[in-house]
Structure formats: C-alpha cells, structure tokens
2 protein chains.
Amino acid sequence: MERRSGCPINLSLEVFGDRWSLIILRDMIFGGVRHFRELLNGSTEGIASNILASRLKKLVELGLLTRRDDPSHKQKAIYSLTEAAIELVPVMNALGAWGSRWLPVSEELSIRAQVLDEGGDELRERFMAELREEHLGIAAGPPPGGRTVRERLREAYQEKVR
Amino acid sequence: MERRSGCPINLSLEVFGDRWSLIILRDMIFGGVRHFRELLNGSTEGIASNILASRLKKLVELGLLTRRDDPSHKQKAIYSLTEAAIELVPVMNALGAWGSRWLPVSEELSIRAQVLDEGGDELRERFMAELREEHLGIAAGPPPGGRTVRERLREAYQEKVR
DNA sequence: GTAACCACTTGCAAATCGCAATCAGTCTCG
DNA sequence: CGAGACTGATTGCGATTTGCAAGTGGTTAC
C-alpha cells in the first residue's frame, strides 16, 4: 500500500478506511470471536467470505492480528489480537460514543458503547487487560466483582433486550 | 445509504468508512480550512476534485457540514462544521494517538496529535469551544495564555520542523 | 461412509475510485 | 472593455474494489 502522507490520522485511515476492517476487530474485541466461520456468520452486517479472507490477511500483514492453527482441528485457524489491536479499544470507544450520540443507533446495540464510555479509563484499562490475557497470555488477575468486562457488557445488552 | 445494522460502530463506519471523509474533516478542524479550493490544494494527500465534491455533498447531507455562500464572492462557498462534526475531536484524538503509536508517522506531523493527546480533556474541550466560536458563532471567551489551541498546535509543529 | 463443517478461492457484474480535462460564471487588473 | 485567473464543481474513462454466489480440497462427527 502506498503512503499518501505521514500524518497519523491519514495513516490510520489507510488501515481502517474501509467498511469492514473495524467491524472484524469489533467482533473480535467485543464478541470474543476467534474463527473465520464465527466472523462470517456472527455479525449482523453480513460480510462476504472473500472480503473477510482478504481483510484478515491484510490485518495479519499489518500486525493487528496473528494467525495460528487450532490444535483441536487441523483445518481450523485461530486469530488473536496483537497489542496494537487491543489498543484500539479507546478508538472503538470514541467512535461508539460518537455514533450513539449522532446516528440512528438501535438502543440495544448502543448500550454497550454507553456502558464502556461511562466506565471511564478504568473500565477500558480493565477491558484491555482482559483482552491481553485472552489473546496474549498475559495474566490479568481475577475480575473485580467476579464478572469480566465483556460479561458486564453482555449483561447490559441482555437487560436492554428484555 | 442502506443501514447494515444499528450498531454505533457500524453506523459510524458507514459515515467515515472511506479514505477521504475524515481527511476533509481533519483539514477543517485542525487546518481551519473553509473553502473547496483550500481543501483541494491544501492537503498533502491530494484528493481529486470529483471525490471532494461528492464527499462534501455527502457530509452536508449527513449533517456534519453546512454550506453557505460567501458574500465576498458569488461563486464562493463557505463550509462550516456542525456540532456533530466538532464532537469528532475525541475520535480524531484517539485515532491520531493510535496512529502515532503504531504506524510509521512522520515526526513533524504527529507532534500535533501528541500535544492534543497530552493536553487531556481540558485542552480538547477548549479546542471544541474555539471551533464552536469559529463555525457556530458561539462565544468561547479569550484564549487562556493568549493563544488559541490551533495556534498552539501549529507552533508545536513549526518548532519540530526547525 | 457420508454428511456437515473448515478456511478460503474463483468468477463475474456492479459500484466506486482516481486522474485529467472541462464547465460556466465571477473577479481582478490593465 | 477584454484577457486571464479563480470559483465550485461535472464529465469521461480506465482501473480497482466490492458484493454475491458458487465451488475447492480437505477434516471431522456420527
């Protein structure tokens, strides 16, 4: 990929300036999804398999994901977030908070963005620590209150659905 | 535009999920640029005029910009940021900070992102107040220290260039 | 053994992109 | 008054990207 300029916002856009890359990372970060099939069928947006394959390849090349074989199934691949991808949590937070405020979001799907935003830096740091444990094997310690951040986000969603 | 889902991150991506929309808003927010020609020639990335025209139209339709005639020149248009666009400052900040950390940015161009990030919520709020004054006519009061945030960012850049 | 599942590729039509040239109206300057 | 530059766009066109459907070679569960 050619670089149009060394501006950080421009370079970020050259990485995420498309309709799918951040959707994939969103599903991995917030949904805990690790496999091709889950990404293909899991999101409501309905990504096509060729686009998914090319984006996963690009994200691995850019150092946002790593790919390894699943020992339980020779055909299966496991994708993991790298530290660079985990540090997108504040970007996701800013983007989610902005979207919740200015776009016609559905209430159930925006509650998670709200909870994460209202939790402040502390909650986001805790979430990132849990992602590091999950994807990089770096111990995060037991979750305060017995529930992980992802569980808390999911519970907020479930409560809203009812 | 069709909506793929009501998820705030997805909807934000449907607005900004291309290579140019945020570049235009970046130049308006950080560069103080208001006219078509300035946007066309000002950025180092070199947007094509047809793309710029279509993006400006889209951003006006989405409520991120407003367009009005320039009284000094009947052919001239002035574009202004709306409150929705001004509130993208935290998104720009998060994106710029991430890019500065993980992408091969040039030092001069990333210093502004660093200054803005290190200034914390206070500096960003001040910056947004100045943008509201500039684009919405809402008084922001005199800049603390006699320099606006944009001036401070530019000075940091100039100092780095030398 | 066979049916479902796995990550991924291929073919193809449609949309979008980027570049260059062009547009008509407006302003500046001599 | 007339030449030339400037205004925000538009047009034509080839190249790239997208989205959809179907298919690939192989693995696994029953």
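Heads up: the structure comes first, above all this text.
Structure report, in brief. (Residues numbered from 1 in each chain as written. Chains lettered and ligands numbered in written order. Predicted model: local features only at pLDDT ≥ 70, side-chain atom pairs only at ≥ 80, totals over all residues. Heavy atoms only, no water.)

### Focus: the interface of chain B and chain A
What counts here: Contacts are residue-level and defined by heavy atoms, with any inter-residue pair within 4.5 Å sufficient. Accessible-area loss on putting two parts together, using a 1.4 Å probe and summing over both, is the definition of buried area adopted here. Salt bridges are identified by distance alone: a Lys or Arg side-chain nitrogen within 4 Å of an Asp or Glu carboxyl oxygen. Throughout this description, a polar contact denotes any pair of N or O atoms lying within 3.5 Å of each other; where both atoms belong to protein, one of them has to be capable of donating a hydrogen while the other can accept it, and for residues adjacent in sequence the pair is counted only when both atoms sit in side chains. In this text, helices come from DSSP runs of H or I with a minimum length of four residues, and strands from runs of E with a minimum of two, each type numbered from the N-terminal end. The classification used treats Ala, Val, Leu, Ile, Met, Phe, Trp, Tyr, Cys and Pro as nonpolar, Asp, Glu, Lys and Arg as charged, and all other residues, Gly among them, as polar.
Contacts between the two partners involve 48 residues from chain B and, on the opposite side, 48 residues from chain A. Regarding the contact of chain B and chain A, the summed buried area is about 4100 Å², with carbon and sulfur atoms giving 70% of it. In this structure, the connection of chain B to chain A is made through two salt bridges. Taking the shortest distance from any N to any O, the salt bridge between B:Arg101 and A:Glu87 comes out at 2.9 Å. Viewed at the interface, chain A and chain B are joined by 18 residue pairs in polar contact (both at pLDDT 80 or more). If you list the elements that add at least two residues to the side of chain B that touches chain A, you get α1 (8-16), α2 (21-31), α5 (83-86), α6 (89-102) and α7 (107-118) of chain B. Per element, the largest residue contribution to the side of chain B that touches chain A is eleven residues, and it comes from α6(B). Classifying every residue of the side of chain B that touches chain A by side-chain character gives 27 nonpolar, eleven polar and ten charged.

### As for the relation of the copies chain B and chain A
Filter applied, for reference: Alignment of the copies relies on least squares applied to C-alpha atoms, considering only residues that score at least 70 for pLDDT in both.
Here chain B sits on chain A after a turn of 180° about the axis and a move of 0.0 Å along it, with an RMSD of 0.0 Å. Look at the turn and shift together and you get a two-fold axis relating the two.

### Regarding the side chain of A:Arg4
Cut-off, in case you're wondering: Only protein chains enter the accessibility calculation, which uses a 1.4 Å probe; a residue is then buried when its area is under 20% of its type maximum, exposed when over 50%, and partly exposed in between.
Tracing the backbone shows A:Arg4 in the segment before α1 (8-16). Judged by its relative accessible area of 16%, A:Arg4 falls in the buried class. A polar atom in the side chain of A:Arg4 sits 3.1 Å from the backbone oxygen of B:Arg19. Residues within four places of A:Arg4 in sequence aside, it is in contact with A:Asn10, A:Glu14, B:Arg19, B:Trp20, B:Ile23, B:Thr44 and B:Glu45.

### Some thoughts on the protein's contact with DNA strand D
Heads up, the condition is: In this text, near means that some heavy atom of the residue lies within 4 Å of the molecule or strand in question.
By nearness alone, 21 residues border DNA strand D, and A:Trp20, A:Asn50, B:Arg37, B:Ser49 and B:Tyr79 come closest of all. Atoms of DNA strand D within 4 Å of the protein: sugar and phosphate make up 59%, bases the balance. Contact between DNA strand D and A:Gln75: a base nitrogen at 3.2 Å from a side-chain N or O atom of the residue. B:Arg67 is positioned such that a nitrogen or oxygen atom in its side chain is 2.7 Å from a phosphate oxygen of DNA strand D. Top contributing element to the surface near DNA strand D by residue count: helix α4 (residues 49-61) of chain A, with four residues. Its residues placed into classes, the surface near DNA strand D shows seven nonpolar, nine polar and five charged.

### Points about the protein's contact with DNA strand C
The environment of DNA strand C is made up of 20 residues, and the closest members are A:Arg37, A:Ser49, A:Arg67, A:Tyr79 and B:Asn50. Sugar and phosphate atoms constitute 59% of the interface atoms of DNA strand C, taking the interface as everything within 4 Å of the protein. Note that a base oxygen of DNA strand C is positioned 2.7 Å from one of the side-chain N or O atoms of A:Ser49. The set of elements that each furnish at least two residues to the surface near DNA strand C consists of α3 (36-42), α4 and β2 (77-81) of chain A together with α4 (49-61) of chain B. The element best represented in the surface near DNA strand C is α4(B), accounting for four residues. Residues of the surface near DNA strand C, tallied by class, amount to seven nonpolar, eight polar and five charged.

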